[in-house]
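One letter stands for each residue in the lines below.
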Amino acid sequence: MKAPRQLHLFVLIDALGWSLIENSSFLREILPHRQGLRTQLGFSSGVIPSILSGLSPGQSGIWNLVYYDPERSPFRWMRRLPFLPYEMLDNRLGRRFMTELGRRALGLGPGFDCCVSPQLLPWFNWGERRNIYEQGGLGATASIFDQLAAEGIPYRAYSYQRATDREILARAATDIERDSARFFFLYLCELDGFLHTHCNDAEMIAGKLAWYEENLQRLFAGALRRDREAKFFLFSDHGMTPVCRHYDLAADIDACGLRMPEDYLAVYDSTMARFWFFSGQARVAINDCLGRVPCGRLLSGDEQRELGVCFSDNRYGEAVLLMEPGTLISSSGFNGAGWKPVGMHGYHPDDPHSDAVFLSNCPPTFPLATVTDIYRYMRESVS
Ligand SMILES: [Zn+2]
């Protein structure tokens, strides 16, 4: 790679779905080239690393935040303390305490959340410890930022770990006009939280999008003042699907009468549940139970391979149940008590609401189909 001749502005808006802007005028005047992109199965913890590295989760090993890893679990020391009062810890305050312990004392990063029963933490590890928008953020996997740094290409990257969307847009606007870098990357995360709560409110969404539109127009105007040939690419990681049903999957599994961690382990995300088995009886009983779930289905090995989420060590689950679009697992450890999202993502990429976007001010130099293609786009823009 060499430093790009023109100024390149890459903006990632979390959860900006194609269905939201396909027929709207959102930034159409300055970004006339627009299309939907197929997302990657998973949550932002898996999708964004794919955008930054060009690799599927199966290739990079980076997918969901929680994975089975009893040997290297940051909480494995708890197994030697069987007298810990787990009953007292397994409530909102106890989980809060474990979350703080993980974040502050065990180096798991500000995003760590105790999303399984504290008693089960010693069997799991946590994926996103570093700021993925910094060098080395993806661990052993090279991101676009590692490559830019290795080749001495100046760039600026902005993310929520340092600022709000408003601050990021203001900072970038100043830097674009003063800084000598020609590669700018902005990650704006706040639309995601907004849509989780308001994805059914067209008026509020229109207001929010108008705010982004105005700020991005201003940002691009500044870029054009510095370079009349500046290029602007706006994309997202996934869309947002309206929630229409809740399903208490853990209640079904609990009814099997098996024990964790002796017989099996389960992690309940919002849209998928993952299982590990330690006895033949548990494997049969749970698979039978999952086969009867009315609004979700087990992903076959072939399908996992096809979706880029096949892992030889099964760290993300020996069995993965994916809910139908719009169905939320109500027993999810990731949805804190009292949080009732009306929108969710992390469904099958065939779900039209899940499509991400790619918008640009110049015709794409090659056809893009999935969010993983964005990486190649960024890379080729500086070669
Ligand atoms: Zn989200």
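Worth saying up front: this structure is predicted, and the values here are computed from it rather than measured.

Q: Even after reading the chapter, I still don't get the coordination of the zinc ion, so can you show me in this structure?
A: The reference angle at a metal is 109.5 degrees if four donors form a tetrahedron and 90 or 180 degrees if six donors form an octahedron. Taken together, the protein ligands of the zinc ion are Asp192 (OD), Asp192 (OD), His196 (NE2) and His345 (NE2), with distances of 2.1 to 2.4 Å. Geometry at the zinc ion is irregular, judged from its 4 donor atoms and the angles of 56 to 142 degrees they form at the metal. Donor residues binding the zinc ion come from one chain and are separated in sequence as D-x3-H-x148-H. Of the two residues, Asp192 is situated in helix H8 (residues 190–198) and His345 in the loop between strand S15 (343–344) and strand S16 (356–360); the sequence distance between them amounts to 153 residues. Each member of the pair, Asp192 as well as His345, carries the same accessibility label: buried.

Q: Honestly, the sheet that holds strand S13 (residues 319–323) in this entry has me stumped. Any pointers?
A: The pairing of strands in a sheet comes from backbone hydrogen bonds and takes either a parallel or an antiparallel form. Taking strand neighbours across the sheet as the criterion, the 4 strands line up as S10-S11-S13-S12 in an open arrangement whose pairing is antiparallel. Sheet topology places strand S10 (264–268) and strand S12 (296–298) at the edges, where each strand pairs with a single neighbour. Across this sheet, the average inter-strand angle for adjacent strands is 15 degrees, counted without regard to direction. With 3 bridges connecting them, S12 and S13 associate as antiparallel partners. What sits directly across from Leu298, in S13, is Leu321.

Q: How should the packing of aromatic side chains be read in this particular structure?
A: Two numbers describe a pair of aromatic rings. These are the distance of the centres and the angle of the planes. In the structure shown here, the tally under the stated rule is 24 aromatic pairs. When the centroid spacing of 5.7 Å and the interplanar angle of 80 degrees are considered together, the rings of Trp63 and Tyr316 count as edge-to-face. With a gap of 253 residues between them, Trp63 in the loop between helix H3 (57–60) and strand S3 (66–68) and Tyr316 in the loop between helix H12 (301–306) and S13 connect regions that are remote in the sequence. Each member of the pair Trp63 and Tyr316 is classed as buried. Ring centres 6.5 Å apart and planes at 10 degrees place the aromatic pair Phe235 and Phe358 in the stacked group. Linking Phe235 in strand S7 (residues 231–235) with Phe358 in strand S16, this pair joins segments that are 123 residues apart in sequence. Classification of Phe358 as buried rests on a relative accessible area of 2%. The lysine or arginine in question, Lys208, covers the ring of Trp211, its NZ or CZ lying 5.8 Å from the ring centre. We note Arg376 situated over the ring of Phe366; from NZ or CZ to the ring centre the distance is 3.6 Å.

Q: Help me understand the sheet that holds S7, please; the structure alone is not making it clear to me.
A: With respect to topology, 6 strands assemble into an open sheet ordered S2-S16-S7-S1-S6-S5, the strand pairing being mixed. The open sheet has two edge strands, strand S2 (33–37) and strand S5 (155–158), and neither has a second partner. Neighbour-to-neighbour, the strand axes of this sheet turn through a mean angle of 10 degrees, independent of strand direction. Judged from the 3 bridges that link them, S7 and S16 form a sheet pairing that is antiparallel. Within S16, the residue paired with Phe235 across the bridge is Phe358. Along the sheet, helix H7 (residues 165–178) contacts strand S1 (8–13), S5 and strand S6 (183–188); its crossing angle with S6, the most-contacted strand, is approximately 170 degrees.

Basis of the calculations
- Within every chain, residues take consecutive numbers counted from 1 along the sequence as written.
- In keeping with the model being predicted, local features are shown solely for residues with a pLDDT of at least 70 and side-chain atom pairs are shown and tallied solely at 80 or more, while totals for entire chains, interfaces and linings include all residues.
- Each side-chain value is derived from all of the structure's non-hydrogen atoms; neither hydrogens nor water enter the calculation.
- The donor definition counts N, O and S atoms within 2.8 Å of each metal and applies 3.2 Å to Na, K and Ca; water is not among these atoms, so some sites may look incomplete.
- Four donors are marked tetrahedral only if all angles between them lie between 85 and 135 degrees, whereas four are marked square planar and six octahedral if opposite donors are more than 155 degrees apart and the other angles lie between 65 and 115; the remainder are marked irregular.
- Put simply, DSSP H or I for four residues or longer makes a helix, DSSP E for two residues or longer makes a strand, and each gets a number counted from the N terminus.
- Partly exposed residues are those whose accessible area sits between 20% and 50% of the maximum for their type, while under 20% is buried and over 50% is exposed, using a 1.4 Å probe and protein chains only.
- Strand pairing is defined by DSSP finding a minimum of two bridges between the two strands.
- Axis geometry follows a simple rule: fit a line to the C-alpha atoms, using only the stretch in contact for helices, then measure angles between N-to-C directions, giving values from 0 to 180 degrees.
- Side-chain rings of Phe, Tyr and Trp (the six-membered ring for Trp) are treated as a pair once their centres are within 6.5 Å; stacked means planes under 30 degrees apart, edge-to-face means over 60, and tilted covers the remaining angles.
- Two conditions define a charge located above a ring, namely a distance within 6 Å from the ring centre to NZ of Lys or CZ of Arg, and an angle within 35 degrees of the ring normal.
- Should any heavy atoms of two residues lie within 4.5 Å, those residues are considered in contact.

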